[in-house]
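Here is how the chains run, residue by residue.
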Amino acid sequence: MNEQPAVLYVEDDPQSRKLMQMLLTGRMRLPNVTILEDSEDFLSKVEALDPKPKVIFLDIHMKPIDGFAMLKLLHDLDWTKQTRIVALTASVMNEEVAQLRQVGFNGCLAKPIDLATFPDTFQRILAGETVWRIIS
Amino acid sequence: MRWLRDAGLGFKLSVLLLLVLGVLLFSTVALLISNTQDLIEEVGSERITEEVRIIQRRLSEFERELSVDVNFIASSVPFFQAVGRRSVSGVTEMVTLAQAQLSFDDVDVIDGDGAVLADVGSVGDEPEVQQVMLQTLDAGETIAVVLIEEEGGAQRVRLMATAPVVSATGNVLGAIQLSRFMDADFLSTLFFDPQGVFAGLIYEGRFLSRSTNITPLPTVEASLRSNINLDPSIVERATGGETIIPDALITANGIPHAAAYLPVGASSVVMMVLFELDEIYAFQNTTLLNTILIFALLAVLTVGVLYAVLAQLAIRPINTLRTIAQKMIGGEYDQRIPVTGHDEIGQLASTFNQMASAVQQRETSLQAAREQAERSDQVKSAFLASMSHELRTPLNAVLNFTQFVIDGDTGPVNAEQVELLTEVVNSGKHLLSLINDVLDMSKIEAGSLKLFIEDDVSVNQLLKTVITAGQGLLAGKPVEVRAEIDPNLPPIRADAQRILQIYLNLMSNACKFTDSGTITVSAFTQANTLTVAVADTGPGIAPEDLELIFEPFRQTTAGLQHGGGTGLGLPIARSLAAAHGGKLWVTSEPGKGTTFYVSLPVKSQELVPTLAV
């Protein structure tokens, strides 16, 4: 952890945003944490980010475009080749998880997230591991 | 007879028709045979009567000729002068001449003293002949007689006429006899048309001679032709001077014969005459053959016509019916049969069409019901997914904000506050597990559980997680977790999350119920099956509860005492194992402990990796 990675989180639920803010910025003290509250002008905001995020957490149930559409947009960008894109969702019924895997997410964290193990999971995601933490 | 059952309708009807025609043919032939039999007998007796009349006339002609001839010679002047002179040479010369011209078989002349003057033809001592000639000498008149005599060991029949030789003055100078032997040649000359007529002379029960046209001559004496034997009673009656023509035909060599027995002169010789009814027989056979041929032709023609008619009336419509029915089997329910008439086939067609309409209607409503069911399944799945999402989102806030407060992220908290807030977190986690279980159970019961199958799931990896989790759950209890796991378990084809869920359930149950002792996790493979066992030293399960624990919402008394749970964990785990083609079962000894087993197929052919599809 020579260099603190930039993190992006897109989430429309204010409580979830506040939680991740407390976790990432407060507890883990990451300097470059961006949290977007909706997907409307998502692409322009992502492009404006500097430095580019190393890890992106996406909520899935969002409007007007959902997590799957956002992933597709991100995959079309050049700089996301090395970016870890992980779903962070409360929709963890099996067929939904299967769908997440099929479209190419690098992992999925289920809500409610586990505070105790999150820092470790985060490091593993950063190291390139695919994490499917569905059962809490 | 199986082939007949499988044969076509046309063939079966043809067979039936042929059978009927066969019976008709049989009765006709039988009738014909019996009729022609009568005809043969009638014609046969007419022919034999005719033949017998001819033969009798010939015989009497012969006898008369003999008498006329013998008197003619006796009254010739040179002859009686020669006899009067007792000139052997003169008499011999004259009778030799006469014999040559009139073809007699034997001529003898004696003088007034009985001495032989001439012996021409059959030469030698013939005592019976001598006796008749001496009678003639004495009586001075003509005698005609049939004699049976011995000649060289065999018997022969002689037809003889004698005459006295009288001088111009009326003195008896001697006697003369002329004879014909009734031999084969003689018998043959009796017939008007020798074709198919045979004759034989019977004396004392056997044949003395036969007509020459009997070839080959039978070897058995008492038989005229082969297979024709004498009827002794008839022969005896004929000997008495009666001409007998029996009604019954005699069959020889397969050919019917008419027979007659007639007396020969005043002797005890009987002539048997056979008439071969070959022509009538052949006529009968020809008629029979013609009848059979006509019947066969008629049968072929009728079968042909019947088949054509049947094909038009029944077989074609039935084939159409079959084709349409097959199309309906293939799912073309809108097919109908053209109804051509109101006969049985027409009625069948319209009934079939009604049935097709009914089937089509049912199929349509079934289809609608199926779609309805699918739609409601989708709605149910969507509802469950939405429920999960909507319950988990607030829990995320409840659990984690509380945890932040407990962990002191928001400032100092005292011990009592930590204790209360920890209760909030624990209750929240319990609520979460309840939500998970209820949703899982709903999916299982709705049949909408879907597995995410991967080809290479490492059970070693999963069990490591399970053991770590178990150690966490046991914090503070004097329980040791032991692992007896084959380090090289094969990767299995499975849904990793669901398998982990099963193992975790077993582990958390073991932790919940075991207050001291050990929990042993073991794993091994045997014949393409990977088995994991979780054994504890807890209180055990009573035998009557062993199956109860797998029923949803049922818990044992011990389970309730140990702080609840939903009672859904084991039923879900068992369903998940079954969904993988595996098994989950338990053995327990109350007071000693419980062991749960999960066995899964290593590479089940039933499971298809989700991403490979």
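Counting restarts for each chain: residues are numbered from 1 in the order of the written sequence. Key to labels: chains lettered from A, ligands numbered from 1, both in the order written. In view of the model being predicted, local features appear only for residues whose pLDDT reaches at least 70, and side-chain atom pairs are presented and counted only at 80 or more, with totals across whole chains, interfaces and linings using the full set of residues. Heavy atoms from the whole structure form the basis of all side-chain values; hydrogens and water molecules are not counted.

**Let's talk about the overall build of chain B**
Numbering of helices and strands starts at the N terminus; helices are DSSP runs of H or I of at least 4 residues and strands are runs of E of at least 2. Of the regular secondary structure elements, chain B holds 14 helices and 17 strands. Each accessible area is a Shrake-Rupley result for a 1.4 Å probe, and residues are judged covered by the shown protein chains and nothing else. When the accessible area of chain B is evaluated, it comes to approximately 32300 Å², of which 58% is carbon and sulfur surface.

**A closer look at the overall build of chain A**
When helices and strands are tallied, chain A shows 5 helices and 6 strands. Its helices and strands taken in sequence order, chain A reads β-α-β-α-β-α-β-α-β-α-β from the N to the C terminus. Note on classification: 1.4 Å probe, protein chains only; a residue is buried when its accessible area is under 20% of the maximum for its type, exposed when over 50%, partly exposed between these limits. Buried positions account for 51% of the 136 residues belonging to chain A. Counting only contacts in chain A whose residues sit at least 6 apart along the sequence, the fraction spanning at least 24 positions is 66%. Here, two residues are considered to be in contact whenever any of their heavy atoms come within 4.5 Å of each other.

**A short note on unusual backbone geometry**
Excluding glycine, most residues fall at negative phi; most peptide bonds, likewise, are trans. The linkage connecting aspartate 50 of chain A with the following residue, proline 51 of chain A, adopts the cis geometry, with an omega of 0 degrees. Among the structural elements, proline 51 of chain A can be located in the loop between α2 (42–48) and β3 (55–58). Look at the link from lysine 63 of chain A to proline 64 of chain A: it is a cis peptide, with omega at 5 degrees. For proline 64 of chain A, the position within the fold is in the loop between β3 and α3 (67–75). The phi dihedral of arginine 86 of chain B is positive, around 55 degrees, even though this residue is not glycine. In this structure, arginine 86 of chain B sits in the loop between α3 (77–85) and α4 (88–102). For alanine 527 of chain B, which is not a glycine, the phi torsion comes out positive at approximately 50 degrees. Tracing the chain through its elements places alanine 527 of chain B in the loop between β14 (517–526) and β15 (529–536).

**Considerations on the interface of chain A and chain B**
Each partner contributes residues to the interface: chain A has 29 residues there, and chain B has 31 residues. Each partner contributes to the roughly 2700 Å² buried at the junction of chain A and chain B, and carbon and sulfur atoms together form 61% of this total. A pairing counts as a salt bridge when a side-chain nitrogen of Lys or Arg comes within 4 Å of a carboxyl oxygen of Asp or Glu. Where chain A touches chain B, the interface holds 3 salt bridges. Taking the shortest distance from any N to any O, the salt bridge between arginine 101 of chain A and glutamate 454 of chain B comes out at 3.0 Å. Between N or O atoms, a polar contact is any pair within 3.5 Å; within protein, one atom must be a potential hydrogen donor and the other a potential acceptor, and residues adjacent in sequence are included only when both atoms are from side chains. On the surface where chain A and chain B come into contact, there are 6 residue pairs in polar contact (both at pLDDT 80 or more). Taken together, the elements giving at least two residues each to the side of chain A that touches chain B come down to α1 (14–27) and α4 (94–103) of chain A. Summed over both partners, the accessible area (1.4 Å probe) lost when two parts come together is defined as the buried area.

**What about the sheet that holds strand β12 (residues 479–485) of chain B?**
Residues and elements named next belong to chain B. By definition, two strands form a pair when at least two bridges between them are found by DSSP. In space, the 5 strands of this open sheet follow the order β12-β14-β15-β17-β16, with mixed pairing throughout. Both outer strands of the open sheet, β12 and β16 (583–589), are each paired with one neighbouring strand and no more. Sheet twist, expressed as the mean angle between neighbouring strand axes with direction ignored, is 15 degrees. Sheet topology places β15 next to strand β17 (residues 593–601); 8 bridges connect them, and they run antiparallel. Directly across from valine 532, in β17, lies its bridge partner valine 598. Strands β12, β14, β15, β16 and β17 of the sheet are contacted by helix α12 (residues 496–513), whose axis makes an angle of about 175 degrees with β17. Inter-axis angles, ranging from 0 to 180 degrees, are taken between N-to-C directions of lines fitted to C-alpha atoms, where helices are fitted over the stretch in contact.

**Digging into the side chain of threonine 83 of chain A**
All names here are of chain A. As for its position among the elements, threonine 83 is in the loop between α3 and β4 (84–89). The exposure class assigned to threonine 83 is buried, which follows from its relative accessible area of 6%. Only 3.4 Å separates the side chain of threonine 83 from the backbone oxygen of tryptophan 79, close enough to count as a polar contact.

**Regarding the packing of α12 of chain B against helix α14 (residues 569–579) of chain B**
All names here are of chain B. Running from amino to carboxyl end, α12 crosses α14 at an angle of 145 degrees, the nearest separation of the two axes being 9 Å. Between α12 and α14 the crossing geometry is left-handed. Along the contact surface, α12 presents Arg498, Gln501, Ile502, Asn505, Leu506 and Asn509, while α14 presents Gly569, Leu570, Ile572, Ala573, Leu576 and Ala577. Class assignment for the residues of the contact of α12 with α14 results in 7 nonpolar, 4 polar and 1 charged. Crossings are classed by handedness, with left-handed meaning an anticlockwise turn of the near helix from the far one by less than a right angle and right-handed meaning a clockwise turn. Side-chain classes are defined by residue name, with Ala, Val, Leu, Ile, Met, Phe, Trp, Tyr, Cys and Pro counting as nonpolar, Asp, Glu, Lys and Arg as charged, and the others, Gly among them, as polar.

**Observations concerning the environment of phenylalanine 26 of chain B**
Among the secondary structure elements, phenylalanine 26 of chain B is positioned in helix α2 (residues 9–74). Separated by 266 residues in the primary sequence, phenylalanine 26 of chain B and isoleucine 292 of chain B have C-alpha atoms spaced 9.1 Å apart.

**Some remarks on empty space enclosed by the protein**
Residue and element names in this part refer to chain B. Site definitions follow a grid-based scheme: protein atoms alone, a 1 Å grid, a 1.4 Å probe that fits but cannot get out for cavities, and for pockets an open set with protein on both sides within 12 Å along at least five of seven lines, plus lining residues having an atom within 4 Å of a point. Grid points are joined across faces, edges and corners, and a volume is the space filled by probe spheres set on the points. Overall, the coordinates contain 1 cavity of 30 Å³ or more when judged by the stated rule. In this structure, the largest cavity encloses a volume near 30 Å³. Taken together, Glu41, Gly44, Ser45, Ile48, Ile245, Pro246, Asp247, Leu249, Ala258 and Ala259 form the lining of the largest cavity. Per-element accounting of the lining of the largest cavity gives the leading share, 4 residues, to α2. By residue class, the composition of the lining of the largest cavity is 6 nonpolar, 2 polar and 2 charged.

**Here's the deal with α3 of chain A**
Taken as a whole, α3 of chain A has its buried residues at Gly67, Met70, Leu71 and Leu74 of chain A. With its buried residues spanning 100 degrees around the axis, α3 of chain A presents them on a single face. Throughout, the arc means the angular range of directions from the helix axis out to the C-beta atoms.

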